Amino acid sequence: MDRGEQGLLRTDPVPEEGEDAAAMIGTTESLSEEEQEELRKELVKVEEEIQTLSQVLAAKEKHLAEIKRKLGINSLQELKQNIAKGWQDVTATSAYKKTSETLSQAGQKASAAFSSVGSVITKKLEDVKNSPTFKSFEEKVENLKSKVGGTKPAGGDFGEVLNSTANASATTTEPLPEQTQESL
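By the naming in an unreviewed UniProt entry, the chain is Tumor protein D52 isoform X2, taken from Vicugna pacos. The annotation that UniProt attaches to the chain under Sequence similarities (unreviewed entry) is "Belongs to the TPD52 family."

Which parts of the structure should I look at to understand the overall build of the chain?
Regarding its fold elements, the chain presents 8 helices and 0 strands. In sequence order, the secondary structure elements of the chain are arranged as α-α-α-α-α-α-α-α. Here the chain holds 184 residues, and 5% of them are scored as buried. Here the chain has roughly 16200 Å² of accessible surface; of this, 57% comes from carbon and sulfur atoms.

Would you mind going over helix 3 (residues 33-71) with me for this structure?
In an α-helix, one turn spans 3.6 residues, which is why side chains three or four residues apart end up on the same side. Under the 1.5 Å per step criterion, the end-to-end length of helix 3 is 57 Å for 39 residues, consistent within 8% with the ideal 57 Å. Two residues or fewer past helix 3, Gly 72 is found with a positive phi of approximately 85°.

Where do I start with the side chain of Gln 36 in this structure?
Examined against the element boundaries, Gln 36 turns out to sit in helix 3. On the basis of relative accessibility, which here comes to 15%, the residue Gln 36 falls in the buried class. From its side chain, Gln 36 meets the backbone oxygen of Leu 31 in a polar contact 3.4 Å long.

Sorry if this is basic, but what is going on with helix 4 (residues 75-92) here?
The first and last C-alpha atoms of helix 4 sit 25 Å apart over 18 residues, in line with the 26 Å expected at 1.5 Å per residue. In terms of burial, helix 4 is largely open, as just 0 of its 18 residues are buried.

Help me understand the pattern of salt bridges in this model?
Any two side chains of opposite charge can pair, so long as their charged atoms come close to each other. One pass over the full model with this rule turns up 3 salt bridges. A salt bridge links Arg 69 to Glu 66; the shortest N-O distance between them is 2.4 Å. Linking Arg 69 with Glu 66, this pair stays in helix 3, spanning 3 residues, or about one helical turn. In this structure Arg 69 comes out as exposed when scored by relative accessible area, which is 56%. Take Glu 66: its relative accessible area is 32%, and that puts it in the partly exposed class. Ionic pairing is found between Lys 85 and Asp 89, a salt bridge with its closest N-O pair at 3.2 Å.

What counts, and where the lines are drawn
Each chain carries its own residue numbering, running from 1 in the written order of its sequence. In keeping with the model being predicted, local features are shown solely for residues with a pLDDT of at least 70 and side-chain atom pairs are shown and tallied solely at 80 or more, while totals for entire chains, interfaces and linings include all residues. To get the side-chain values, take all heavy atoms of the structure and skip hydrogens and water. UniProt positions are given in the numbering used here, feature names are shortened, and annotations may be inferred rather than shown by experiment. Helix numbering and strand numbering both begin at the N terminus, where a helix is a DSSP run of H or I of at least 4 residues and a strand a DSSP run of E of at least 2. Here the term buried applies to any residue with accessible area under 20% of the maximum for its type, exposed to any over 50%, and partly exposed to those in between, with areas from a 1.4 Å probe on protein chains only. Per-residue and other accessible areas were derived by the Shrake-Rupley procedure at a 1.4 Å probe size, with only the shown protein chains allowed to occlude residues. Here, expected helix span is obtained from the residue count minus one, scaled by 1.5 Å. Within 3.5 Å is the distance limit for a polar contact, defined as a pair of N or O atoms, with the added protein rule that one can donate a hydrogen and the other accept it, and that residues adjacent in sequence qualify only through two side-chain atoms. Salt bridge, as applied in this entry: a Lys or Arg side-chain nitrogen positioned within 4 Å of an Asp or Glu carboxyl oxygen.

This is the structure in C-alpha cells:
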C-alpha cells in the first residue's frame, strides 16, 4: 500500500467519555506543555457545558411532561398520534404508492380471471348437460324411475329424478342377514 491508501484505512481511536482526552492526543502527537494545558482547560469547559445542557434538557422534558399532563395528553394518545403520522408518512412514499397500484391491478386481473373461470365452468356444465352421453344417462334414469316409482309424470329436473330414484332404491332393499337373525 502506498501512503495515501494507508491514511484512508487508518482509524484513530476516539476518546470515550471519562477518558483522558489530553493523554490520547499526547500519544498521537507531541504537544507542548502549554498546548496540553490549554486543551485540558477546554476539555473541562466542554464537559461543564455538556452537563449544563443535560440539566437544561431534563428541565425542558419535565416542563413538557407537565404541559401534556395539564392538556390531558397521555402516552397512549401520543403513541396513536405517532402511529397515525408514521402511517401517513409511509403512504406518502412512492414505494407504497407503486406497491398499492400493483396490488390493485393484480386484484383486478384476479377478479377478471375468476369471472372468466366461472363462465367457462358454466359453459362446460351446459355442454355436458347437452351432450348425448348425459341425455342417454338421463333417459336411463327416467326409465329406472318409471319402473321403480310407478306412473309419476316425467318432466322433473335431474335432481328430482336422482332423489326419487335414491328414495325408491332405499325402500326396496332387503334387510341384512344379521338383522333377520336378531329379530328371530
